[in-house]
Amino acid sequence: LAQAGAGAAMGAYKYLEEFWRKKQTDVFRYLARLRNWEFRQLPAVHRASRPTRPDKARKVGYKAKQGYVVYRVRVRRGDRKTRVAKGIVYG
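This is a predicted model, so every value here is computed, not measured.

Rules used throughout
- Residues numbered from 1 in each chain as written.
- Predicted model: local features only at pLDDT ≥ 70, side-chain atom pairs only at ≥ 80, totals over all residues.
- Heavy atoms only, no water.
- Helix = DSSP H or I, 4+ residues; strand = E, 2+ residues; numbered from the N terminus.
- Rg over C-alpha atoms; globule rule 2.2 N^0.38 Å.
- Buried < 20%, exposed > 50% of the residue type's maximum accessible area, 1.4 Å probe, protein only.
- Contact = heavy atoms within 4.5 Å.
- Areas by Shrake-Rupley, 256 points an atom, 1.4 Å probe, with all protein chains shown as cover.
- Lys, Arg positive; Asp, Glu negative; His and termini not counted.
- Charge placed at Lys NZ, Arg CZ, Asp CG, Glu CD.
- Salt bridge = Lys/Arg side-chain N within 4 Å of Asp/Glu carboxyl O.

Caption draft 1: Structural detail: the overall build of the chain. The number of helices and strands found in the chain is three helices and two strands. Overall, the chain shows an N-to-C arrangement of helices and strands of α-α-β-α-β. Radius of gyration (C-alpha) of the chain: 20 Å, far over the 12 Å computed for a compact globule of 91 residues. When the backbone C-alpha atoms are referred to their principal axes, the chain occupies close to 70 × 35 × 25 Å. In the chain, which comprises 91 residues, the proportion classed as buried is 11%. Taking contacts inside the chain between residues at least 6 apart in sequence as the whole, the part at least 24 apart equals 52%. With an accessible surface of roughly 8,600 Å², the chain has 56% of that area assigned to carbon and sulfur atoms. For the chain, the distance from the average site of its 24 positive side-chain charges to the average site of its 6 negative ones is 7 Å.

Structural data, given as structure tokens:
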């Protein structure tokens, strides 16, 4: 039985939260590198089977049941300048 108060046992989501808070650990850095490589191989917009961060997803209303879908979208890095054909700016 979990104790009430300050010494209460942490649940799985709490552990995940702690894990995401410590981004400099060897385990996290390794997983992040693997994940980034994996995401780069996938198309820019694709449906994910499950959220990358289940704890965070649940906080914003996600539930692991029918009718909830997760899409991952790649966001381009850099400035927000409009791309122009052949470098020609008209106007």
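Caption draft 2: Looking closely at the pattern of salt bridges. Applying the stated criterion across every chain, the model contains four salt bridges. Between E17 and R21 there is a salt bridge, with its nearest N and O atoms 3.1 Å apart. Remark: R21 and E17 occur in helix 1 (residues 12-21); sequence separation between them is four residues, near one turn of the helix. Among the ionic contacts, a cluster of salt bridges with common partners joins E17, E18, R21, K22 and K59.

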